[in-house]
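Okay, here's what each chain looks like letter by letter:
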Amino acid sequence: WYWQKEKREPYVKFMEANYPPGFSYEDFGPLFTAEFFDPNQWADILKASGAKYVVLTSKHHEGFTLWGSKYSWNWNAVDVGPKRDLVAELATSVRNRTDLHFGLYHSLFEWFNPLFLEDATNVFKTRKFPTSKSLPELYEIVTKYQPEIIWSDGNGNAPDTYWNSTGFLAWLYNDSPVRDSVVTNDRWGVGSICTHGGFYTCSDRYNPGHLLPHKWENCMTIDKTSWGYRRNAQLDDYLTIEDLVKQLVETVSCGGNLLMNIGPTHDGRIAVIFEERLRQMGAWLKVNGGAIYGTKPWRAQNDTVTPEVWYTFSPREDKVNAIFLNWPVSGTLELGEPQAKLGETQVKLMGYKELLKWVALGEKGIVIALPQLTPKELPCQWGWTLQLTDIN
């Protein structure tokens, strides 16, 4: 897009300097080799991350499908490049080795597809592209791979009527093989985003910082600027694990899910930096997962007295979770939101055995004495959770 459509100078110059004259985008197809793609290893990394679902990009805006689509002749991973059905391989590994829900991203439109461009020229009064390419592909991936999440994207500035989104969704929820388990997002045509859908995405890297009245998802990237893999990325371009834990905690406290994007390499690897971030997230969730999984937003999302404290509520245990991202130098943590009950309230640090001492401040909250721990004794790094029972 930057090179061929917007003709941005750095991209045009890079292609001229590093590729043969007349090299086209299609010529990248055979260079996508995936020789190191090991779906079992991917599944193991995904499981170790503590994630509950995974969404693979089955087709992005350039139209190349990662499965041998009947509707993408000679522009798919089975005919060109890897010569493998990458969707099938990952689906099988995820289902055999993890309890993650398997989902698929699918772009409705394609930047340079002549049928789409023709429909666009006709102000979407004609529907050649959705009827011959986009919709058949959607039916194909649902029937073939039975994904439990359909993550639609790329409306191409066309309305849902052009895409026949309601027709497809009616089939998906009533007659498809995943009708009882599938969930969908909100990107099904102009005007549907943040308005219609099983969960809202609203925009890329969406993190409102306040409670939304509808289930939503913050889809963001570990690489601060890219959804793909960049060979020229610097260490500073990646979010740190502290950044990621903060994103997760803010998102969940406001009723959202976190969809954390990584870009694999052309030869099929999850880059080591991405693997490290995923495994770090999993290590944090091993200790603090009780404050994340199966929680609901509490009456307050963050604390009024101490910044960087976020709340979630565990309905099954009837516990309030206060996740704090900075360990106070004083050794005491003041919380303005929870009101303690003398003789009843209990405060526990997740991953630490003994109950903590506290002082009630009436309507002004509670002061909690944190245990004096050496770095080795800390239950985790990057953020800690206090579980409070029997509070007002």
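Residues numbered from 1 in each chain as written. Predicted model: local features only at pLDDT ≥ 70, side-chain atom pairs only at ≥ 80, totals over all residues. Heavy atoms only, no water.

**So, the UniProt feature "site: May be important for catalysis" (unreviewed entry) in the protein**
As a reminder, the rule being used: UniProt positions are given in the numbering used here, feature names are shortened, and annotations may be inferred rather than shown by experiment. Working definition: helices are DSSP H or I runs of at least four residues, strands are E runs of at least two. Numbering for both runs from the N terminus. Here, two residues are considered to be in contact whenever any of their heavy atoms come within 4.5 Å of each other.
Per the UniProt record, the feature "site: May be important for catalysis" (unreviewed entry) sits at C219. Tracing the chain through its elements places C219 in strand β5 (residues 216–221). Ignoring sequence-local partners within four residues, the contact set of C219 consists of W151, R187, S203, D204, R205, Y206, W227 and L259.

**Re the packing of helix α2 (residues 39–48) against helix α3 (residues 86–97)**
Keep this limit in mind: Where helices are involved, their axes are fitted lines through C-alpha atoms of the stretch in contact, as for all axes, and angles between N-to-C directions lie from 0 to 180°. Oblique is the label for any angle not under 35 degrees, not over 145, and not in the 65 to 115 range, which are roughly parallel, roughly antiparallel and roughly perpendicular in turn. Here a crossing is taken to be left-handed if its near helix is turned anticlockwise relative to the far helix by less than a right angle, and right-handed if that turn runs clockwise. Amino acids outside the nonpolar list (Ala, Val, Leu, Ile, Met, Phe, Trp, Tyr, Cys, Pro) and the charged list (Asp, Glu, Lys, Arg) are all regarded as polar, and Gly is one of them.
For the pair α2 and α3, interaxial distance at closest approach is 8 Å and the crossing angle is 50°. Considering their axes alone, α2 and α3 lie oblique with respect to each other. Pair α2 / α3 crosses with right-handed handedness. Within the contact between the two elements, α2 uses P39, N40, W42, A43, D44, L46 and K47 and α3 uses E89, L90, S93, V94 and R97. Looking at the contact of α2 with α3 residue by residue, the class counts come to six nonpolar, two polar and four charged.

**Some thoughts on the domain arrangement of the protein**
Many descriptions give the size of an interface as the accessible area lost when the pieces come together. Condition: Start and end positions for the domains come from either an automated domain assignment or a database one. The quantity reported as buried area is the accessible area (1.4 Å probe) lost by two parts once they are put together, taken as the sum for both. Put simply, a salt bridge is a Lys or Arg side-chain nitrogen that is within 4 Å of an Asp or Glu carboxyl oxygen. In protein, a polar contact requires one atom able to donate a hydrogen and another able to accept it; more generally it is a pair of N or O atoms within 3.5 Å, and residues adjacent in sequence count only if both atoms are side-chain atoms.
When its domains are assigned, the protein resolves into domain 1 (9–291) and domain 2 (296–389). Just the C-alpha atoms count here: the centres of domain 1 and domain 2 sit 37 Å apart. Surface buried jointly by domain 1 and domain 2 totals about 1600 Å² across both partners, of which 71% is contributed by carbon and sulfur atoms. Looking at the side of domain 1 facing domain 2, the largest losses of area belong to S253, V287 and A291, adding up to 31% of the total buried there. Between domain 1 and domain 2 we count one salt bridge in total. At the boundary of domain 1 with domain 2, the tally comes to five residue pairs in polar contact (both at pLDDT 80 or more). Tallying contributions element by element places helix α8 (residues 241–253) first for the side of domain 1 that touches domain 2, with eight residues.

**Concerning the sheet that holds strand β12 (residues 366–369)**
Inclusion rule: Any two strands between which DSSP finds at least two bridges are classified as paired.
With respect to topology, three strands assemble into an open sheet ordered β9-β12-β11, the strand pairing being antiparallel. Edge positions in the open sheet fall to β9 (332–335) and β11 (358–360), since each of these has one partner strand only. For this sheet, the mean angle separating the axes of adjacent strands, direction not counted, is 15°. Relative to β12, β11 is paired through three bridges, and the arrangement is antiparallel. By the bridge assignment, V359 is partnered in β12 with V367.

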